[in-house]
Amino acid sequence: MALMFFNGGAMRGEPLHHLLDGSPFVSTARTAAKYRFYAVGEQCPALYPVSHGGAEVVGEVYDVSLDDLRDKVLPSEPHELELGVVELTDGSSAFAMLLRRPYTSHVALRDITEVGDWRAYKASA
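Summarised in this report is the structure supplied together with it. (Residues numbered from 1 in each chain as written. Predicted model: local features only at pLDDT ≥ 70, side-chain atom pairs only at ≥ 80, totals over all residues. Heavy atoms only, no water.)

Glancing now at the overall build of the protein chain. When helices and strands are tallied, the protein chain shows 2 helices and 8 strands. Scaling as 2.2 N^0.38, a compact globule of 125 residues should have a C-alpha radius of gyration of about 14 Å, and the protein chain matches this with 13 Å. Overall size of the protein chain, expressed as C-alpha extent along the three principal axes, is 35 × 30 × 30 Å. Out of the 125 residues belonging to the protein chain, those deemed buried represent 42%. Look at the contacts in the protein chain between residues 6 or more apart in sequence, and 66% of them connect residues 24 or more apart. Across the protein chain, 11 positive and 17 negative side-chain charges occur, with their mean positions spaced 2 Å apart. (Helix = DSSP H or I, 4+ residues; strand = E, 2+ residues; numbered from the N terminus. Rg over C-alpha atoms; globule rule 2.2 N^0.38 Å. Buried < 20%, exposed > 50% of the residue type's maximum accessible area, 1.4 Å probe, protein only. Contact = heavy atoms within 4.5 Å. Lys, Arg positive; Asp, Glu negative; His and termini not counted. Charge placed at Lys NZ, Arg CZ, Asp CG, Glu CD.)

Under the definition given, this model contains 13 salt bridges. D111 is paired through a salt bridge with R36; the nearest N and O atoms lie 2.8 Å apart. Within this pair, whereas D111 is found in strand β8 (residues 109–111), its partner R36 is found in strand β3 (residues 35–40), the two being separated by 75 residues in sequence. When its relative accessible area of 36% is taken as the criterion, D111 is described as partly exposed. Residue R36 is classed as partly exposed on the basis of its relative accessible area, which comes to 24%. Taken together, the salt bridges that share partners define one network made up of R12, E14, E60, R119 and K122. (Salt bridge = Lys/Arg side-chain N within 4 Å of Asp/Glu carboxyl O.)

A few words now on helix α1 (residues 66–76). Within an α-helix, residues lying three or four positions from one another point in the same direction, as the helix has 3.6 residues per turn. Taken residue by residue, α1 has D68, L69 and V73 as its buried positions. Considered in projection along α1, the buried side chains sweep an arc of 95° and stay on one side of the axis. (Arc of directions from axis to C-beta.)

With that settled, the discussion passes to unusual backbone geometry. That bond from R101 to P102 is cis: its omega, -10°, falls within 30 degrees of zero. On the secondary structure map, P102 appears in the loop between β7 (93–99) and β8. The residue E42 is not glycine, and still its phi comes out positive at about 60°. Topologically, E42 is positioned in the loop between β3 and β4 (44–49).

Before going further, it helps to examine the packing of aromatic side chains. Summed over all chains, the structure comprises 3 aromatic pairs. Within the aromatic cluster, the residues linked to one another by ring pairs are F6, F25 and Y62. Above the face of the F25 ring, R12 is positioned so that its terminal group lies 4.0 Å from the ring centre. (Phe/Tyr/Trp six-rings, centres within 6.5 Å; stacked < 30°, edge-to-face > 60°. Lys NZ or Arg CZ within 6 Å of the ring centre and 35° of its normal.)

On to the pairing of β3. Across the 6 residues that make up β3, a large majority, 5, are buried. As paired elements, β3 and β4 share 6 bridges and run antiparallel to each other. Across the sheet, R36 pairs through a bridge with Y48, a residue of β4. Counted between consecutive antiparallel strands, the loop separating β3 from β4 contains 3 residues, among which G41 sits at a positive phi close to 55°. (Pairing = 2+ DSSP bridges.)

What follows covers the environment of F6. With respect to the helices and strands, the residue F6 is situated in strand β1 (residues 2–6). Given the relative accessible area of 5%, F6 is considered buried. When the C-alpha atoms of F6 and T28 are compared, they prove to be 9.6 Å apart, with 22 residues separating the residues in sequence. When neighbours within four sequence positions are excluded, F6 is seen to be in contact with M11, L20, G59, E60, Y62, V64 and V73.

What follows is the structure, encoded as structure tokens:
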């Protein structure tokens, strides 16, 4: 099992939450203030690590089996994202989906770091 931080469509009540069936919910969490936060084509969120100018981002942590990560979660992610590791506010680490580096997609990015919460951003759009 692996701890995975989700901050978009796989969170509770969101359209991709079914991908986490059987994965125990661990906690609501925030990233450390080391990330910029983007809306990718207004379809999904993305974290991007930075050395300064970052903010905390709201999400949920689940204990996901590596098989489910391989077979269900990763195949559902857009190609603009890649698997990485984030730091949470308590200093612990978790897997998360990050904006692919280098970013080579033509899909527009909107910086939503000041909002720091995908649900709040969608509600305001």
